[in-house]
Amino acid sequence: MIEPPKILPDLTTERLLLRMLKATDAIDIYQYASDPEVTTHLLWETHQSMEDTLEFVAKVLMTYDNEEPGIWGIVDRSIGKVIGTIGIHNWRRMHDAVEIGYVIGRPNWNKGYMTEVVEAVITYLFKELHINRVDAVCAVENSASEQVMKKVGMQFEGIQRKSCFIKGEFHDMKMYAILRQDRFTQKELHK
């Protein structure tokens, strides 16, 4: 049975840094969280004011204080700015399985950033935490998120009919997943 880490480690990719959020990240987060195009397919509402973002950041910091981390800020290393987040949710300890969810600001769409980030998180979960299964869902209409899942090797497992209530209505969700054995041989996992 795998336990979530008490502190999320920093993860570095070619262009990005994944790190725990800080209170000072609120301004960066508000820039994308207040964009209705970014939040169209997300479970949470578009931030209407900086107060919404400050409340979100405070909740995340509280999870860190309670040693229940789950959300990394995605920092563009070239400018030192938070451009999105990726979170580990729905820990199913008995089954060594987790769900991931992610968001990135519109100026950073179609640059391969999210694929880079999801790849790094999946590798961390498999190699460091020995998770067996990583899954993710996206609204049927969210083709961009689906493409990320495909690019990192996640396999389509089906449609969960009307399983998420988003922006006032129920939506069908596509389920994707990847297993440790899909990514690494036993030899590679123990390097």
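Residues numbered from 1 in each chain as written. Predicted model: local features only at pLDDT ≥ 70, side-chain atom pairs only at ≥ 80, totals over all residues. Heavy atoms only, no water.

Colleague: Mind showing me how you'd approach the side chain of Thr 13 here?
Modeller: Tracing the chain through its elements places Thr 13 in the loop between β1 (11-12) and β2 (16-20). Within the structure, the side chain of Thr 13 is placed 2.5 Å from the side chain of Glu 116, a separation counted as a polar contact. For Thr 13, the residues in contact, after removing those within four places along its chain, are Arg 77, Glu 116 and Ala 120. (Helix = DSSP H or I, 4+ residues; strand = E, 2+ residues; numbered from the N terminus. Polar contact = N/O pair within 3.5 Å; in protein donor to acceptor, adjacent residues only side chain to side chain. Contact = heavy atoms within 4.5 Å.)

Colleague: Any chance you could explain the pairing of strand β3 (residues 71-76) here in plain terms?
Modeller: Every other side chain in a regular strand lies on the same face of the sheet, so the side chains alternate between the two faces. Within β3, six of the six residues are buried, leaving the element largely enclosed by the surrounding structure. Alternating positions in β3 separate into two faces, Ile 71, Gly 73 and Val 75 on one and Trp 72, Ile 74 and Asp 76 on the other, with burial throughout. When β2 meets β3, the two strands line up antiparallel, connected through five bridges. The partner of Leu 18 across the bridge, within β3, is Ile 74. By the bridge criterion, six bridges tie β3 to strand β4 (residues 81-92) in an arrangement that is antiparallel. Looking across to β4, one finds that Ile 74 is bridged to Gly 84. What sits between β3 and β4 in their antiparallel hairpin is a turn of four residues, with Gly 80 showing a positive phi close to 70 degrees. (Buried < 20%, exposed > 50% of the residue type's maximum accessible area, 1.4 Å probe, protein only. Pairing = 2+ DSSP bridges.)

Colleague: Whenever I open this one, the sheet that holds β2 confuses me. Can you help?
Modeller: Backbone-to-backbone hydrogen bonds pair the strands of a sheet. The strands run either parallel or antiparallel. Strand order in the open sheet made by the eight strands is β1-β2-β3-β4-β5-β6-β8-β7, with mixed pairing throughout. Every interior strand has two partners, whereas the edge strands, β1 and β7 (155-166), have only one. Most of the contacts of helix α1 (residues 26-33) go to β4, to which it runs at about 80 degrees, and overall it touches β4 and β5 (97-104). Strands in contact with helix α5 (residues 143-151) are β5, β6 (133-139) and β8 (169-179); relative to β6, the strand with the most contacts, it is inclined by about 160 degrees. (Axes fitted to C-alpha atoms, helices over the stretch in contact; angles between N-to-C directions.)

Colleague: Any chance you could explain the pattern of salt bridges here in plain terms?
Modeller: Taken as a whole and assessed by the stated rule, the structure comprises 11 salt bridges. Among the ionic pairs, Arg 15 bridges to Glu 116, the shortest N-O distance being 2.7 Å. Note that Arg 15 is positioned in the loop between β1 and β2 and Glu 116 in helix α4 (residues 113-127), a separation of 101 residues in sequence. For the salt bridge of Glu 157 with Arg 133, the shortest nitrogen-to-oxygen distance reads 2.6 Å. Here Glu 157 is found in strand β7, whereas its partner Arg 133 is found in strand β6, with 24 residues between them in sequence. Given the relative accessible area of 45%, Glu 157 is considered partly exposed. In this structure, a network of salt bridges that share partners links the residues Arg 92, Arg 133, Asp 135 and Glu 157. (Salt bridge = Lys/Arg side-chain N within 4 Å of Asp/Glu carboxyl O.)

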